[in-house]
Amino acid sequence: MISINNVHKSYVTGHNSLHVLKGIDLDIEQGEFVSIMGSSGSGKSTLLNILGILDNYDEGSYYLNGSLVKDMSEKKAAQLRNELVGFVFQSFNLISFKNAMENVALPLYYQGVPRKKRNKIAMEYLEKVGLLEWATHLPSEMSGGQKQRVAIARSLISQPKIILADEPTGALDTSTSYEVMEILKEINKDGITIILVTHEHDIAAMTQKIVHLKDGGIDQIIMNGDLKQFKSQYAKQLETA
Ligand code: ADP
Ligand code: MG
């Protein structure tokens, strides 16, 4: 599904260049549930943006579902994104003057699906995330957890193969975070690949594979089976978290 080889990325601002990703190699299969960890500024969002074809990289190769993603026209990139990828963000990115149903239906609006039909489909996805009764409510009337569930429903409506989530629980309290993770787990059971960025160890521990970024590279990849090692390694941080 995803194959990244020796990917480098620098940000150039004026005369300064910041080498953020220094040769990333990463393979992710269809149906995996992966978290990307690392300290603030380690390049997690940069990597996720490259995976979602929201940003370019400088060197190496990235294959998404068999297509080489490199120097792609915006049109081709948008096409591939729409076909394959759903996005979830820390700040939900809902439209404040549209209700939950309309927010979920928005991707179908851009695909030219007529209002009645797209709203009907949106209701199905709201039901999936347990928010059927909230369909006519505005984001301002909903809790953080509910807003994130709306955003997840919106990310699913175009039937993506991959969900990319950048700190999806970053703005939520612990119990709400776990609710959101339960929904992501359910979605993953349907075979959708999920890649999420988090700096919370307990959230990462709910995924199958933890990719740890450090100093521009992948420091280590921990499989779910080895979580004991992961937990003891981070016991100190968990205690102080
Ligand atoms: P993380 O998500 O792990 O916190 P980011 O990928 O957002 O890290 O950023 C990695 C580094 O790149 C940081 O030092 C950040 O300041 C820098 N950076 C991110 N985006 C840009 C940009 N558009 N222009 C310049 N520097 C950037
Ligand atoms: Mg980030």
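Residues numbered from 1 in each chain as written. Chains lettered and ligands numbered in written order. Predicted model: local features only at pLDDT ≥ 70, side-chain atom pairs only at ≥ 80, totals over all residues. Heavy atoms only, no water.

**Here we look at the packing of helix α3 (residues 100-110) against helix α4 (residues 115-128)**
Stage number 1. At a minimum axis separation of 8 Å, α3 and α4 run at an interaxial angle of 120°. Comparing the axis directions of α3 and α4 gives the class oblique. Where α3 crosses over α4, the handedness of that crossing is right-handed. Contacts from Ala100, Met101, Val104, Ala105, Leu108 and Tyr109 in α3 reach Arg118, Asn119, Ile121, Ala122, Met123, Tyr125 and Leu126 in α4.
Stage number 2. Among the residues making up the contact of α3 with α4, the classes are represented as eleven nonpolar, one polar and one charged. (Axes fitted to C-alpha atoms, helices over the stretch in contact; angles between N-to-C directions. Helix = DSSP H or I, 4+ residues; strand = E, 2+ residues; numbered from the N terminus. Parallel < 35°, antiparallel > 145°, perpendicular 65-115°, else oblique. Left-handed = near helix turned anticlockwise from the far one by under 90°. Contact = heavy atoms within 4.5 Å. Nonpolar A, V, L, I, M, F, W, Y, C, P; charged D, E, K, R; others polar.)

**A short note on the layout of surface pockets**
A probe as big as a water molecule, rolled over the atoms, marks out the empty space that is left.
Stage number 1. Quantified by volume, the largest pocket comes out at close to 400 Å³.
Stage number 2. What lines the largest pocket is a set of 13 residues, among which Asn82, Val85, Phe87, Pro107 and Ser158 lie closest to the centre.
Stage number 3. Going through the elements one at a time, α2 (74-84), β6 (85-89), α3 and α5 (144-156) are the ones with two or more residues in the lining of the largest pocket.
Stage number 4. No other element matches the four residues that β6 contributes to the lining of the largest pocket.
Stage number 5. Partitioning the lining of the largest pocket into residue classes produces six nonpolar, five polar and two charged. (1 Å grid on protein atoms, 1.4 Å probe; cavity = no way out; pocket = protein on both sides within 12 Å on 5 of 7 lines; lining within 4 Å. Points joined across faces, edges and corners; volume = space filled by probe spheres on them.)

**Details of the pattern of salt bridges**
Two side chains of opposite charge can pair, provided their charged atoms sit close to one another.
Stage number 1. Counted by the stated rule, this structure contains eight salt bridges.
Stage number 2. Arg149 is the salt-bridge partner of Glu179, the closest N and O atoms lying 3.8 Å from each other. Remark: Arg149 occurs in helix α5 and Glu179 occurs in helix α6 (residues 174-189); sequence separation between them is 30 residues.
Stage number 3. The salt bridge partner of Glu182 is Lys185, with a shortest N-O separation of 3.5 Å. Of this pair, Glu182 and Lys185 both sit in helix α6, three residues apart, roughly one helical turn.
Stage number 4. The class of Glu182 is partly exposed, set by a relative accessible area of 41%.
Stage number 5. We classify Lys185 as partly exposed; its relative accessible area is 28%. (Salt bridge = Lys/Arg side-chain N within 4 Å of Asp/Glu carboxyl O. Buried < 20%, exposed > 50% of the residue type's maximum accessible area, 1.4 Å probe, protein only.)

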